[in-house]
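# Overview (structure and organization)
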Amino acid sequence: MKKLVIIVALVMFLKPILPVADYIVNYDYIAKVLCENKNKPEMKCNGKCQLMKELAKASEQEKPIAPSKKIQIQETEVLFFQEINPMLPEQSYCKAKKFLGDHYANLYFHLNSGTVFHPPIFSV
């Protein structure tokens, strides 16, 4: 599988060189039969005109098709929708405390005093 991928990649990269390779392999046939300037030997074309045609054809095939200037509208179908609610921070300092009930309040003791114990100060 890996060899197949490498071969396909090489063919894609070497595609623009294929007309040149074809010209080299079939040089005699192109120079004697396909050349447009075979009646003018002073030009020393030897089939280069045919090579230029093939290279031009290959380069036009390589060009990406220009996108049309028409605006294309694409519709999508929504299968699932859930509205996203914004997350707002809650103000905890103004919240009223909820009454938990008598059965829970009796499980512990809490003394609400405003005085704080300070240890005695010794002077030496």
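Here, the structure is the one placed above.
Below or above, wherever it landed, is the structure these notes cover.

Cut-off values and rules
Throughout, residues of each chain are indexed from 1 in the direction in which the sequence is written. Residue-level local features of this predicted model are given only where pLDDT is at least 70; pairs of side-chain atoms are given and counted only at 80 or more, and the full residue set underlies all totals for whole chains, interfaces and linings. Think of the side-chain values as coming from all heavy atoms in the structure, minus any hydrogens and water. Every helix listed is a DSSP run of H or I at least four residues long, and every strand listed is a run of E at least two residues long, numbered separately from the N terminus. Burial classes: relative accessible area under 20% of the type maximum marks a residue as buried, over 50% as exposed, and values in between as partly exposed (1.4 Å probe, protein chains only). Every residue pair with non-hydrogen atoms within 4.5 Å of one another is taken to be in contact. Only the protein chains shown count as covering a residue, and every accessible area follows the Shrake-Rupley method with a 1.4 Å probe. By convention, a stacked pair of Phe, Tyr or Trp rings (six-membered ring in the case of Trp) has centres within 6.5 Å and planes under 30 degrees apart, an edge-to-face pair has planes over 60 apart, and any other such pair is tilted. Definition used for salt bridges: Asp or Glu carboxyl oxygen within 4 Å of a side-chain nitrogen of Lys or Arg.

## Things to note about the overall build of the chain
Helix and strand counts for the chain come out as five helices and zero strands. Starting at the N terminus, the α and β elements of the chain follow one another as α-α-α-α-α. Among the 124 residues that make up the chain, the fraction classed as buried is 10%. Summarising the internal contacts of the chain: among those between residues at least 6 apart in sequence, 34% fall at separations of at least 24. Surface summary for the chain: the accessible area is close to 13,400 Å², and the carbon and sulfur share equals 63%.

## Overview of the packing of aromatic side chains
One pass over the structure, following the stated rule, counts one aromatic pair. Ring centres of Tyr23 and Tyr27 lie 5.6 Å apart, and the angle between their planes is 90 degrees; on these two criteria the pair is classed as edge-to-face. Assessed through its relative accessible area of 12%, Tyr23 is described here as buried. Overall, the relative accessible area of 32% leaves Tyr27 in the partly exposed class.

## Topic: the pattern of salt bridges
The tally for this structure, following the rule as stated, stands at one salt bridge. A salt bridge links Lys57 to Glu54, with the shortest nitrogen-to-oxygen separation between them at 3.8 Å. Of this pair, Lys57 and Glu54 are both found in helix α4 (residues 48-62), three residues apart, which corresponds to roughly one turn of the helix.

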